[in-house]
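Overview (structure and organization)
If you want the building blocks of each chain, they are given just below.
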Amino acid sequence: MNSLQHQRHGDKVNSPWFEEFLPKLLEDRDRIGLTDMVHEIDAMMITVEPGCSVAYISELALMTPYHYLVTLESESHWTHVLRIDMNSPDVIVREVRDPNTHGIFRSLNEVYPIGAHKPNSRYMGEIFRVTNQHEVVELQKAREIRFFNQDQIRKLELPGNMSIVKPSPYTHNIVGYWERPVGDIRIYALGVSVIHEDVNRGYLEAKETQAKLGLDKLILPIDHLATRIYSQNREVAILEYLTLSSYYYWGSYDIASQSSSTNVTKSAHYNNEQKSPAKVFTAANHPYFVNHLVGLPSPTENFVRNYGPRLHHIALGVADGETNGQINIDYVVDAIREKGKDFLLDVIGSREEGLKQIFSSASEHSSLIIEYVQRFGDFDGFFTKQNVAELTEAAGVEENLRLLQAESSS
């Protein structure tokens, strides 16, 4: 494969260092065969607070196409598997049984003022399907990538059939690999498989509501995953992800009014993001301590300082078209609002601009935002610059309120 054949998008100017090492890393990845061996995102792992998985899975069942499949019971965790089908990645929701349990993933939250108030709530990372797990791991180790050993994976109660990279110093996310022939179903080597009655009951009720509203025909699989990182880590986080995955650099846009940039990577294997979601990195243009000199808002840097580097939102597609005289995304948002879910702003964008988008409020259970995006016709892209500016500003307002609440309760 040639990972450098793709057209570059955007207006963000990268450093000479980035432009030097981007082709070197991708050419090396192609040459040694990693691009060919690392395929789609097969699963995404999320942790929630003790007692929150029932409510969170019900929330996802209403707001997304995901279905509750099974719960894996191990000594210290319940691990719930959610699936659409074998053409889209699974969502794995982990809940620690004992709220006093401490570990590496919790520690990534505890030094940040808002993150510490929900120490178990975080997106962990992605698991990639590979064609030769042993060879992929050995090649990555030769590139100085560090992995949890099998004893550590056992103690963390992660599936034993995965090889998992230690959390990134730039994003705090993990990346994992497992070997699964294309025709085989996903099976996670962890614990005892059961159907959790409370989870199943909430899931069925949410799916019944979703079907009555007709949302099951309108909400599509995941389109992209958006991570927020410190300003100084923008370029290294992008290149690190390209090193760990088989993604390529799609491009970057400068969002000057919010003093940030949006940077997109996409799968080299699949043009359809529903098969393997795009991975987006958002970073401020300046570190926090020069904001008073720049005179611009910096919601992205503030988010990272308050929550830590982490996934900010999961974006789902909405089918193009209209329902009951409304553009589909407007219909979806109105229907979900009536069921009590808040959104940060009105739907923005237009048919003329090519797409419409909106952010939900952050989940009380996972701290993650859901984005909906509807593209019109043959629009090719993830956003318009004005849309990104408005979404970023709205998210910043909510995050400031959460900071005030965290400070008042400390």
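Not measured: the values here are computed from a predicted model.

Glancing now at the nonpolar core. Counting residues in each nonpolar core, the largest one holds 78 residues, and the members touching the most others are Tyr177, Leu215 and Tyr372. Mapping this core onto the domain boundaries places at least three of its residues in each of domain 1 (35-210) and domain 2 (214-409). In contact with Tyr372, other than residues within four places in its own chain, are Met63, Ile219, Leu316, Val318, Ile329, Val332, Val333, Ile336, Phe343, Lys356, Gln357 and Ile358. By size, the runner-up hydrophobic cluster in this structure holds 20 residues, among which are Val81, Ile92, Leu108 and Met162.

The element strand S2 (residues 38-48) is largely enclosed, with a buried count of 11 among its 11 residues. In this sheet, strand S6 (residues 122-130) lies alongside S2 in antiparallel orientation, the contact comprising 7 bridges. If you follow Val38 over to S6, its bridge partner there is Val130.

In this fold, Thr79 is placed in strand S4 (residues 77-83). Classification of Thr79 by relative accessible area gives buried; the value is 3%. Not counting the four nearest positions on each side in its chain, Thr79 is found in contact with Val70, Thr71, Leu72, Ile92, Val93, Arg94 and Leu190.

Turning to the sheet that holds strand S9 (residues 192-194), a few remarks are in order. An order of S7-S8-S6-S2-S5-S4-S3-S9 is seen for the 8 strands of this open sheet, with the pairing classed as mixed. Across the chains shown, the open sheet's two edge strands, defined by having one partner strand only, are strand S7 (163-164) and S9. Where strand S3 (residues 67-73) meets S9, 3 bridges bridge the pair, whose relative direction is antiparallel. Bridge pairing in S9 places Thr71 opposite Val194. Contacting S3 and S4, helix H7 (residues 197-213) runs over the sheet at an angle of about 170 degrees to S3.

Attention now goes to helix H10 (residues 299-307). With 7 of 9 residues buried, H10 lies mostly within the body of the structure. Of the positions making up H10, those classed as buried are Pro299, Thr300, Glu301, Phe303, Val304, Asn306 and Tyr307. Within two residues after H10, Gly308 carries a phi angle of roughly 90 degrees, on the positive side.

For the structure shown, the criterion picks out 14 aromatic pairs. Relative to Phe281, the ring of Tyr241 lies with its centre 5.8 Å away and its plane at 65 degrees, an arrangement referred to as edge-to-face. You can see Tyr241 sitting in helix H8 (residues 234-244) and its partner Phe281 sitting in strand S13 (residues 278-284), a full 40 residues away along the chain. Overall, Phe281 belongs to the buried group, its relative accessible area being 1%. Ring centres 6.4 Å apart and planes at 40 degrees place the aromatic pair Phe343 and Tyr372 in the tilted group.

What counts as what
- Residues numbered from 1 in each chain as written.
- Predicted model: local features only at pLDDT ≥ 70, side-chain atom pairs only at ≥ 80, totals over all residues.
- Heavy atoms only, no water.
- Core = buried A, V, L, I, M, F, W, Y, C linked by side-chain atoms within 4.5 Å.
- Buried < 20%, exposed > 50% of the residue type's maximum accessible area, 1.4 Å probe, protein only.
- Domains from an automatic or database assignment.
- Contact = heavy atoms within 4.5 Å.
- Helix = DSSP H or I, 4+ residues; strand = E, 2+ residues; numbered from the N terminus.
- Pairing = 2+ DSSP bridges.
- Axes fitted to C-alpha atoms, helices over the stretch in contact; angles between N-to-C directions.
- Phe/Tyr/Trp six-rings, centres within 6.5 Å; stacked < 30°, edge-to-face > 60°.

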